[in-house]
Amino acid sequence: FKCAFNSSSAKLTIAAESDYAAYVNGKLIAFGAYKAYPSVKYADEITLDNYLKSGENLLEIIVWYEGVNTQCSIDDGAGVIFELSSNNEIIAVSDENTLSREYTRYKKGYKKVITGQLGYSFLYNETVVLPNFAKSRVITDKTRNILPRPIKKLNVGAPANSTLIKQENNVYLFDLGKETAGQLYLDVCADKTQKLLITYGEHIQFSGQVLRKVGNRDFSVEYVAKK
């Protein structure tokens, strides 16, 4: 979704199913929807002032919908609702005129299971050319009680330090030095189009690689990098 607005001060209020990432003028400003129930949803409120410029600003939102019940979320159908406000006045809302498109860089219907608790993994292809934006036109008939997020969002810190402990046949093994949890962060220079298979785990197999598949579970994500 994208929305242009002209303001030197603004606040974004947003709720999404299952998750979202919001950008202002190309910079990531927020992600991580608070998980909810079918009867009630929770909205994030994000102050945008530090990301705005004089003149027209551009808000872009990517919504990730899993469509499966897990211990992290309950499937309640795809959807997003948001508004932009400035000085307590609403300056833009999500409606049938909001420009949107299918974000086809994520492989649709892939359904690669991490675990039954965590849900699906993903395949992201940077080389895919995205379709043009068009008016959304269709609005969901859902009505939900939307409350403010009950706890603070997590702070995004610096990337974790890692040590390259093995490199063999295009396989790179990194050690984070401790058991940790967080978001995957990539900073990659690719000399050609290629797929990266990123596997993660708590121990190393006798083969010298991280154990990827355990039964029907697959502890990996895939990223196709363009040159």
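This text follows the structure it describes.
These numbers were taken from a predicted model, which means no experiment stands behind them.

A few words on the sheet that holds strand S12 (residues 123-125). The 3 strands lie next to each other as S12-S20-S17, forming an open sheet whose pairing is mixed. In this open sheet, the two edge strands, each paired with only one partner strand, are S12 and strand S17 (194-199). Adjacent strand axes in the sheet meet at a mean angle of 15° when their direction is disregarded. Where S17 lies against strand S20 (residues 220-225), 6 bridges are found, and the strand directions are antiparallel. Following the sheet pairing, Thr199 is matched in S20 by Ser220.

Moving on to the packing of aromatic side chains. Under the criterion given, the structure shown has 9 aromatic pairs. Seen in terms of ring centroids, Tyr124 and Tyr223 are 5.6 Å apart; in terms of plane orientation they differ by 10°. Their pairing is stacked. Of this pair, Tyr124 sits in strand S12 while Tyr223 sits in strand S20, placing them 99 residues apart in sequence. Residue class for Tyr223 comes out partly exposed when judged on its relative accessible area of 22%. Measuring from centroid to centroid gives 6.3 Å for Tyr200 and Phe219, while their planes differ by 90°, and the two rings are edge-to-face. Placement of the pair is Tyr200 in the loop between S17 and strand S18 (213-214) and Phe219 in the loop between strand S19 (217-218) and S20, with a sequence separation of 19 residues. Looking at Tyr200, the relative accessible area reads 35%, which means it is partly exposed. Ring pairing ties together the aromatic residues Trp64, Tyr103, Tyr106, Phe122, Tyr124 and Tyr223, which thus form one cluster.

Looking at the element boundaries, Ser100 is found in strand S9 (residues 99-100). Taking the relative accessible area as the measure of exposure, Ser100 reaches 17% and is therefore buried. Each residue touching Ser100, except ones within four places of it in the same chain, is listed here: Phe1, Asn132, Phe133, Ala134 and Ser136.

As a further point, take the sheet that holds strand S2 (residues 11-17). Taken in spatial order, the 5 strands line up as S8-S7-S2-S5-S14 in an open sheet, and their pairing is mixed. Of all strands in the sheet, those with a lone pairing partner are strand S8 (89-93) and strand S14 (145-148), marking the two edges. Neighbour-to-neighbour, the strand axes of the sheet open up by a mean angle of 30°, direction not taken into account. For S2 and strand S5 (residues 40-47), the ladder comprises 4 bridges, and the chain directions are antiparallel. Among the inter-strand pairings, Lys11 is bridged to a residue of S5, identified as Thr47.

How each quantity is defined
- Residues numbered from 1 in each chain as written.
- Predicted model: local features only at pLDDT ≥ 70, side-chain atom pairs only at ≥ 80, totals over all residues.
- Heavy atoms only, no water.
- Pairing = 2+ DSSP bridges.
- Helix = DSSP H or I, 4+ residues; strand = E, 2+ residues; numbered from the N terminus.
- Axes fitted to C-alpha atoms, helices over the stretch in contact; angles between N-to-C directions.
- Phe/Tyr/Trp six-rings, centres within 6.5 Å; stacked < 30°, edge-to-face > 60°.
- Buried < 20%, exposed > 50% of the residue type's maximum accessible area, 1.4 Å probe, protein only.
- Contact = heavy atoms within 4.5 Å.

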